[in-house]
Amino acid sequence: MNGRRKLVRLLVLVGLVAATGALAWTLSNARQGYEPRQPISFRHTRMPGAPDWQVTDAGEVVNAGGYDIPCVYCHTMPYKGRHSTVPSTAVCMNCHQSVGLGKEWVLRMQEYWERGQPIPWVKVHDLPDFVYYDHSAHLNARDASGALKLAEHDAEGRPMVACQHCHGDVAAMEIVSVQNPFNMQWCLDCHRKPEMDGGTDCVVCHR
Ligand code: HEC
Ligand code: HEC
Ligand code: HEC
Ligand code: HEC
Ligand code: HEC
């Protein structure tokens, strides 16, 4: 691309981004802490969450916690493509054709399934369309030594899913909520860290 076209493109971009950005900002200001109610009260604590075996009064041993289901069993896309996906009803039915039969929430899931409809999950995180974001670029990024930039352990060295750098400890959430600002400053603060080196040119995220 020659210099003049590049400049024109950049000016148009800045104009567009400023206009849509101002609108998007007004519409989506309630970002961090956003915690929409979902059509089925799906609890991450019960799925990827850690098991919590308890003995009932009747002496029965039951799991009141989760089943350690890996994030990527349901959110398969992050390592492969730009977008993560919320699982289709078919993924839920893999288990719920035999687990929890007759329970109110499984019956509701089955209704959607039989109608061939997706469960209308409410989107929790939603960047404006003029921002380019790619899960796989983040989850696959490695430093010169070959180590993952978004490490799979916390500051004390305890294992942790890489998702936690941005989404917090989802496995411990009854209702998923937005844990970080998810605005430009937040992206840049991490990108500027020397060990991350994520890029700060406008076109990295506005293309
Ligand atoms: C059994 C399937 C399942 C597993 C396992 C699972 N999730 Fe989810 N996840 C869902 C469903 C269904 C939703 C949509 C409903 C909701 O937001 O609670 C969701 C929503 C989310 C969202 C919000 C999506 C949005 O709209 O912005 C994030 C972030 C998320 N999950 C992260 C994780 C992480 C991190 C893990 C692993 C610790 C994980 N999930 C494990 C099923 C699953
Ligand atoms: C790998 C197997 C598996 C998959 C996949 C799975 N579940 Fe579950 N689910 C379970 C088990 C096991 C339980 C606990 C059963 C019980 O409490 O009787 C459960 C319980 C639940 C509960 C009630 C738990 C509570 O007390 O909050 C809901 C709601 C639920 N699942 C929704 C879903 C949805 C929606 C999906 C798809 C996004 C899904 N499940 C996918 C195994 C699975
Ligand atoms: C570097 C920060 C970061 C990491 C790490 C990260 N996410 Fe996200 N995630 C985002 C952003 C930003 C969005 C909003 C994307 C949009 O609206 O275009 C998002 C959105 C989502 C969504 C909603 C669907 C979508 O793509 O818009 C799901 C589900 C999700 N993430 C799951 C995960 C899981 C599971 C992991 C770990 C395997 C993970 N994320 C790791 C930043 C991150
Ligand atoms: C926790 C740190 C962190 C946060 C937060 C973060 N990023 Fe990144 N970002 C990275 C790293 C690491 C890379 C990869 C650098 C490399 O290629 O080695 C990256 C790369 C990128 C790339 C380049 C991808 C490609 O295909 O070349 C884009 C675009 C991007 N980030 C957008 C965003 C946006 C938008 C946000 C905020 C919503 C964000 N990032 C938040 C760490 C982060
Ligand atoms: C690391 C990713 C990233 C980079 C690099 C980046 N932006 Fe952004 N930008 C974002 C995100 C994310 C938003 C959306 C913020 C929101 O919705 O709160 C945004 C929003 C904007 C907006 C709308 C107003 C606002 O603040 O919400 C403008 C204007 C903008 N960017 C211009 C730029 C310019 C000019 C550059 C280069 C100097 C740049 N951006 C570099 C991620 C980035």
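Quantities reported herein were computed from a predicted structural model and do not represent experimental measurements.

Conventions adopted
Residues numbered from 1 in each chain as written. Chains lettered and ligands numbered in written order. Predicted model: local features only at pLDDT ≥ 70, side-chain atom pairs only at ≥ 80, totals over all residues. Heavy atoms only, no water. Near = heavy atom within 4 Å. Polar contact = N/O pair within 3.5 Å; in protein donor to acceptor, adjacent residues only side chain to side chain. Nonpolar A, V, L, I, M, F, W, Y, C, P; charged D, E, K, R; others polar. Domains from an automatic or database assignment. Donors = N, O, S within 2.8 Å, 3.2 Å for Na, K, Ca; no water. Tetrahedral: all angles 85-135°; square planar, octahedral: opposite > 155°, others 65-115°. Helix = DSSP H or I, 4+ residues; strand = E, 2+ residues; numbered from the N terminus. Buried < 20%, exposed > 50% of the residue type's maximum accessible area, 1.4 Å probe, protein only. Arc of directions from axis to C-beta. Contact = heavy atoms within 4.5 Å. Phe/Tyr/Trp six-rings, centres within 6.5 Å; stacked < 30°, edge-to-face > 60°.

Colleague: Mind laying out the site of ligand 1, listing which residues take part and the relevant values?
Modeller: His44, Cys71, Cys74, His75 and His125 are the nearest of the 20 residues found near ligand 1. At 2.8 Å, a side-chain N or O of His75 approaches a nitrogen atom of ligand 1. With respect to ligand 1, the backbone of Val124 contributes an N or O atom lying 2.7 Å from an oxygen atom. In terms of residue class, the shell around ligand 1 is built from 14 nonpolar, five polar and one charged. Looking at which domains feed residues into the shell around ligand 1, each of domain 1 (3-34 + 126-205) and domain 2 (44-115) gives three or more.

Colleague: Go over the coordination of the iron atom of ligand 3, please, and point to the residues and values.
Modeller: Working reference: metal with six octahedral donors, ideal angles 90 or 180 degrees; metal with four tetrahedral donors, ideal angle 109.5 degrees. Around the iron atom of ligand 3, the protein contributes the donor atoms His135 (NE2) and His167 (NE2), which lie 2.0 to 2.1 Å from the metal centre. One can describe the site at the iron atom of ligand 3 as octahedral: its six donor atoms subtend angles covering 87 to 179° at the metal. Of this pair, His135 sits in helix H5 (residues 135-140) while His167 sits in helix H6 (residues 164-167); the two residues are 32 residues apart in sequence, bridging distant segments of the chain.

Colleague: How would you summarise helix H3 (residues 89-96) if you had to cite specific residues and measurements?
Modeller: Turning to H3, its buried residues are Thr89, Cys92, Met93 and His96. Here the buried residues of H3 occupy an arc of 100° about the axis, which is enough to place them on one side. In the core, the buried residues of H3 are packed alongside helix H4 (104-115).

Colleague: Quick rundown of the packing of aromatic side chains? Include the residues and the values.
Modeller: Under the counting rule described, the total for this entry stands at two aromatic pairs. Ring centres of Phe42 and Trp121 lie 6.2 Å apart, and the angle between their planes is 70°; this geometry places the pair in the edge-to-face category. On the criterion of sequence distance, the pair formed by Phe42 in the loop between helix H1 (3-27) and strand S1 (53-55) and Trp121 in the loop between H4 and H5 is long-range, its members being 79 residues apart. Judged by its relative accessible area of 25%, Trp121 is partly exposed.

Take it as geometry only, folks, not as evidence of what the structure does.
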